[in-house]
Amino acid sequence: MDKINNVSFTGIKNIGYIKFARPLPVGIMKEKSLSMVLTDDYHGQDLTAFLDVLKKIPGTQYGYKHPISKNILNIECSNLNGFNTLLINGRPIKVDDEHLSIFSYIAKLTKKIAGMKDNEMIVNQTYKEYEADDVLMFGSKVSHSVESGYSLASLDYFFNKDVVRKGAQRVNEFVQGLMNNYFGIK
């Protein structure tokens, strides 16, 4: 019976959410990161959908792939001195017509995650123990970041289903805010 409860009903797994700050010479960059592993299975083609969106962005599709694995997606919402930026796998996304498809994809993906049921949110223990430290924050280890409040117990917190759903909602609102500014909607 336990194996039935661990079946993923989506092509998204190992979803984690973390808030942290990166000190920079020009100030402190406050960030939120929603990290996940995308797959294709008979319930969802989330990896293919992501790669298809990248193909629509001329000349940049390879730069948005995660260096560890094409299956990993880090969505970071950054604020530095009042300036908001969305990053995909460490690379900033321009807010322009050419990149609207990626904003639309992220909005749909985060809305999907925010609405996921507990049994759809699968986190592999081996992923949490061996990969999450390197993946949750793009380009940094969570364990090296004092700002993240890291501890072994906090890894469980970063994958807590309610925290992830609320984090996905926050990322969705961030993306919506960027789009509202772009289209001049108040």
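Quick look at the structure, then. Note that the structure is a prediction, hence the values are computed from the model and not measured.

Counting along an α-helix, one turn takes 3.6 residues, and residues three or four places apart therefore face a common direction. Within helix α2 (residues 46-55) the residues assigned to the buried category are Asp 46, Leu 47, Phe 50, Leu 51, Val 53 and Leu 54. Seen from one end, α2 has its buried residues packed into an arc of 155 degrees, which puts them on one side.

The next subject is the side chain of Asn 14. Mapped onto the elements of the fold, Asn 14 is located in strand β1 (residues 12-24). Exposure remark for Asn 14: the relative accessible area of 3% places this residue in the buried category. In this view, Asn 14 contacts Ser 35, Met 36, Val 37, Ile 122, Val 123, Asn 124, Tyr 127 and Phe 159; residues no more than four positions away in its chain are not counted.

On inspection of all chains with the given rule, the structure shows four aromatic pairs. Pairing Tyr 127 with Phe 159 gives two aromatic rings, centres 6.2 Å apart and planes at 85 degrees, and the pair type is edge-to-face. Placement of Tyr 127 in helix α4 (residues 125-130) and of Phe 159 in the loop between α6 (152-158) and α7 (161-183) is noted, with a sequence separation of 32 residues between them. A relative accessible area of 5% means that Phe 159 is categorised as buried. Ring centres of Tyr 157 and Phe 158 lie 6.3 Å apart, and the angle between their planes is 70 degrees; this geometry places the pair in the edge-to-face category.

Our focus in this paragraph is the pattern of salt bridges. Once their charged atoms are close, side chains differing in charge can pair, the charge on each being opposite to the other. Throughout the structure, instances matching the rule amount to seven salt bridges. One salt bridge connects Arg 22 with Glu 31, and the closest N-O pair in it is separated by 2.5 Å. Classification of Glu 31 by relative accessible area gives buried; the value is 4%. A salt bridge links Glu 76 to Arg 22; the nearest nitrogen and oxygen atoms lie 3.6 Å apart. Linking Glu 76 in strand β5 (residues 72-80) with Arg 22 in strand β1, this pair joins segments that are 54 residues apart in sequence. In this structure Glu 76 comes out as buried when scored by relative accessible area, which is 2%. Arg 22 gets classed as buried once you look at its relative accessible area, which sits at 18%.

The rules behind each value
Residues numbered from 1 in each chain as written. Predicted model: local features only at pLDDT ≥ 70, side-chain atom pairs only at ≥ 80, totals over all residues. Heavy atoms only, no water. Buried < 20%, exposed > 50% of the residue type's maximum accessible area, 1.4 Å probe, protein only. Helix = DSSP H or I, 4+ residues; strand = E, 2+ residues; numbered from the N terminus. Arc of directions from axis to C-beta. Contact = heavy atoms within 4.5 Å. Phe/Tyr/Trp six-rings, centres within 6.5 Å; stacked < 30°, edge-to-face > 60°. Salt bridge = Lys/Arg side-chain N within 4 Å of Asp/Glu carboxyl O.

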